[in-house]
Amino acid sequence: MVGLVLALVGVPIVALGLYDLIQRRHSILRNFPVIGHFRFLIEKIGPELRQYIVADNDEERPFSRDQRRWVYATAKKENSYFGFGTDDDLDKPGRIIFRNAPFPLNRKSSDEASVPCGKILGGWRNRRQSFRPASVINISAMSFGSLSGAAISALNRGSKLSNCLHNTGEGGISEHHMHGGDLVYQLGTGYFGSRDLDGNFSIDALMKTIANAPVRAIEIKLSQGAKPGIGGLLPAAKVTKEIAKARGVPVNRDVASPSAHTVFSDVEGLVEFVELIAEKTGLPVGIKSAVGSEKFWNDLASYMAETERGPDFVTVDGSEGGTGAAPLVFSDHVSLPFWHAFPLVINAFAKVGLSDHIVFIGSGKLGLPAEAAEALALGVDIVNVGREAMLAIGCVQAQKCHTGHCPTGVATQSRWLERGLDPKDKGVRLANYVTGLRYEMLRLSHACGVEHPALLSEEKLAVTGDGRALMSAHSWYGVAPEITQSKQRVAGIASALKEL
Ligand SMILES: Cc1cc2nc3c(=O)[nH]c(=O)nc-3n(C[C@H](O)[C@H](O)[C@H](O)COP(=O)(O)O)c2cc1C
């Protein structure tokens, strides 16, 4: 018996050792047969070891353990409080501090924790289907293809339950988007769902795509913070029947998204494209972009002010934003982080008198209470949440979106892995997260003595500077208080609150 066990264990080990000695791919294995494999194992599970055992509460990126714990607990409606007091370094430069009021507002928030947008989407250009977004928190663009059908379905169900908008991402509209949540249909350089057989943009195809879907607005994607200036390729193996149908492309063939749009290549062309789509559909039309060139934003704003035409909303995506897959150098080094990008954009529009007319949407790790409230205080009208929404539906930040092997079934097309994600249950979690986030934003505002986070004025918001210095967030980021608390913006919020 002992001999049999030894043979069963020993023979494979000896065989492995011999193989390691003669193979030429890995020098570690040639030099350390058998035990060298532990190095590869530990490298493979290193992220999990660090995440669960080594890293402290605020250390990890993109989202720290504290941040993830808050999202998970909120999504599950569990206890999201933390005990004993902060473990943050309170003197770290750039930390946001909300200045509490001596006499806070004593408000009871409803279960929905409604925080409506202060502006009308499409109001400035009088679009036929302009509307006031009911929620300042909405779901950011993530395509069916990068996310599983079950994940898209959960996001859409949760959007309906929490009365927020669900951006389709650039992969077209699928049956998973049709669970009652209102959509923002995104058009990227591949024009998925709006292309002819040769891949060119087709307005007829667009009209057909939106005809039977609850599309409330259209977003033209110029770029994305995590990978600006490059396109993408969906390999043939991932182009299933379902994905091909949603995108309007042939099955089992590589699908490329070019780096740039083919319909326009300058400011005038972009504005023409926006106006064409808005005119045909009656919907508000906006653009999404990472921020690199300052000149582009000045040119766009000036051209829009001159012609009184152009996008109804501008989504500014910071370089800290997420992606399904991107080259490391692009995620790490191309385009500005949100808090550099956004002031540049809002200032460009304010200079020409348009900042009160455009709806500003911000994204890039803003889906947490302090960050979202800070963004609204500094001129953002709506925050889009991407990965935080993924966390709410079960993502564990395994960072495997690009491999197709997401262990939680969120960012994969594997039927087996996707099976683990129950869209109904996770839809409720998404809704809990969105309402929980709005609730915390409201509580922050009330603690500071105002009714809506966009009313947090310069004196309510401080930032720690170097040493013991404390300065206003507005001067730290370079956004004038007159822009964020303009008469029109404040009046818009008052009307929104009255309509509740
Ligand atoms: C898996 C995944 C897929 C994404 N797909 C798209 C997309 O199709 N179009 C787009 O504009 N942005 C896409 N994004 C970027 C997000 O919409 C968002 O701008 C970015 O992640 C920043 O928000 P966050 O920090 O809340 O995640 C994707 C992000 C992730 C994580």
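Residues numbered from 1 in each chain as written. Predicted model: local features only at pLDDT ≥ 70, side-chain atom pairs only at ≥ 80, totals over all residues.

## Some words on the domain arrangement of the chain
In step 1: Under the domain assignment used here, the chain contains domain 1 (2-54) and domain 2 (137-442 + 482-492).
In step 2: Each of domain 1 and domain 2 was reduced to a C-alpha centroid, and the two centroids are 44 Å apart. (Domains from an automatic or database assignment.)

## Examining the site of the ligand
In step 1: Around the ligand, the structure places 27 residues, and the nearest of them are Ser140, Gly169, Gly321, Gly322 and Gly386.
In step 2: Here the shell around the ligand is built from residues that sort into six nonpolar, 14 polar and seven charged. (Near = placed C-beta within 6 Å. Nonpolar A, V, L, I, M, F, W, Y, C, P; charged D, E, K, R; others polar.)

## Observations regarding the environment of Phe330
In step 1: By the element assignment, Phe330 lies in helix H10 (residues 328-333).
In step 2: Non-local contacts of Phe330, meaning those with residues more than four positions away in its chain, are made with Lys227, Pro228 and Ile230. (Helix = DSSP H or I, 4+ residues; strand = E, 2+ residues; numbered from the N terminus. Contact = placed C-beta atoms within 7 Å.)

## Re helix H1 (residues 2-22)
In step 1: Look at H1: 30 Å from first C-alpha to last across 21 residues, which is about the 30 Å you get at 1.5 Å a residue.
In step 2: For H1, the tally of buried residues reaches only zero of 21 residues, placing the bulk of the element at the surface. (Expected span 1.5 Å × (residues − 1). Buried ≥ 20, exposed ≤ 12 C-beta atoms within 10 Å, placed from the backbone.)

## Here's the deal with the sheet that holds strand S13 (residues 470-472)
In step 1: Pairing is antiparallel across the open sheet formed by three strands, whose spatial order is S1-S12-S13. The outermost strands of the open sheet, each flanked by one partner alone, are strand S1 (96-98) and S13. Averaged over all neighbouring strand pairs, the angle between strand axes comes to 35 degrees, with direction disregarded.
In step 2: Here S1 runs beside strand S12 (residues 461-464); their pairing, made up of three bridges, is antiparallel. Along S12, the bridge assignment pairs Phe98 with Leu461. (Pairing = 2+ DSSP bridges. Axes fitted to C-alpha atoms, helices over the stretch in contact; angles between N-to-C directions.)

## What to know about the packing of helix H5 (residues 149-162) against helix H15 (residues 423-447)
Angle between the axes and distance between the axes are the two parameters that describe a pair of packed helices.
In step 1: One can describe the packing of H5 onto H15 by two numbers: an axis separation of 7 Å at closest approach and a directional angle of 45 degrees. By the angle between their directions, the pair H5 and H15 is classed as oblique. For the element pair H5 and H15, the recorded crossing hand is right-handed. Note on element contacts: H15 touches H5 through Pro423, Lys424, Lys426, Gly427, Val428, Leu430, Ala431, Val434 and Thr435, opposite Ala150, Ser153, Ala154, Leu155, Arg157, Gly158, Leu161 and Ser162. (Parallel < 35°, antiparallel > 145°, perpendicular 65-115°, else oblique. Left-handed = near helix turned anticlockwise from the far one by under 90°.)

## What about unusual backbone geometry?
In step 1: Looking along the chain, the bond that leaves Arg61 and enters Pro62 is cis, with omega of -5 degrees.
In step 2: Tracing the backbone through its elements, the reader meets Pro62 in the loop between helix H3 (36-54) and helix H4 (65-75).
In step 3: Residue Ala113 is not a glycine yet carries a positive backbone phi of 45 degrees.
In step 4: Position of Ala113 among the secondary structure elements: in the loop between S1 and strand S2 (137-139).

## Quick notes on the environment of Ala305
In step 1: Examined against the element boundaries, Ala305 turns out to sit in helix H9 (residues 294-307).
In step 2: Residue Ala305 is classed as partly exposed on the basis of its C-beta count, with 16 C-beta atoms lying within 10 Å.
In step 3: Considered as a pair, Ala305 and Lys119 are 186 residues apart in the sequence and their alpha carbons are 18 Å apart.
In step 4: Here Ala305 is in contact with Val352, Gly353 and Leu354, once residues within four sequence places are set aside.

## Focus on the pairing of strand S8 (residues 285-289)
Regular strands place side chains that alternate from one sheet face to the opposite one.
In step 1: For S8, the tally of buried residues reaches five of five residues, placing the bulk of the element in the interior.
In step 2: Side-chain alternation along S8 places Val285, Ile287 and Ser289 on one buried face and Gly286 and Lys288 on a second face that is also buried.
In step 3: Where strand S5 (residues 215-221) lies against S8, four bridges are found, and the strand directions are parallel. From the neighbouring strand, Ile218 faces S8, where its bridge partner is Val285.
In step 4: Both S8 and strand S9 (residues 313-317) contribute to a ladder of four bridges, which runs parallel.

## Topic: the packing of helix H8 (residues 267-281) against H9
In step 1: One can describe the packing of H8 onto H9 by two numbers: an axis separation of 10 Å at closest approach and a directional angle of 55 degrees. It follows that H8 is oblique to H9 by the angle criterion. For the pair H8 and H9, the crossing hand works out as right-handed. Contacts between H8 and H9 pair Val267, Glu268 and Val271 from the former with Asp299, Leu300, Tyr303, Met304 and Thr307 from the latter.

## Let's talk about the nonpolar core
In step 1: By size, the foremost hydrophobic cluster in this structure holds 119 residues, and its most contacted members are Val345, Ala372 and Ile393.
In step 2: Tallying contributions element by element places H15 first for this core, with ten residues.
In step 3: Ala372 has contacts with Ile137, Leu366, Gly367, Val383, Leu437 and Met441, leaving out every residue within four places of it along the chain. (Core = buried A, V, L, I, M, F, W, Y, C linked by C-beta atoms within 7 Å.)

## A look at the pairing of strand S10 (residues 359-363)
In step 1: Within S10, five of the five residues are buried, which leaves the element mostly enclosed by the surrounding structure.
In step 2: Here S10 shows a buried face lined by Val359, Ile361 and Ser363 and a second buried face lined by Phe360 and Gly362.
In step 3: By the bridge criterion, five bridges tie S9 to S10 in an arrangement that is parallel. Bridge assignment links Asp317 to a residue of S10, and that residue is Ser363.
In step 4: Strand direction decides the pairing type here: S10 and strand S11 (residues 382-385), joined by two bridges, are parallel. Considered in S11, the bridge of Gly362 is made with Val383.
In step 5: Of the crossover connections in this fold, the one passing from S10 over helix H12 (residues 369-377) to the parallel S11 is right-handed. (Right-handed = clockwise from strand over helix to strand, strands pointing away.)

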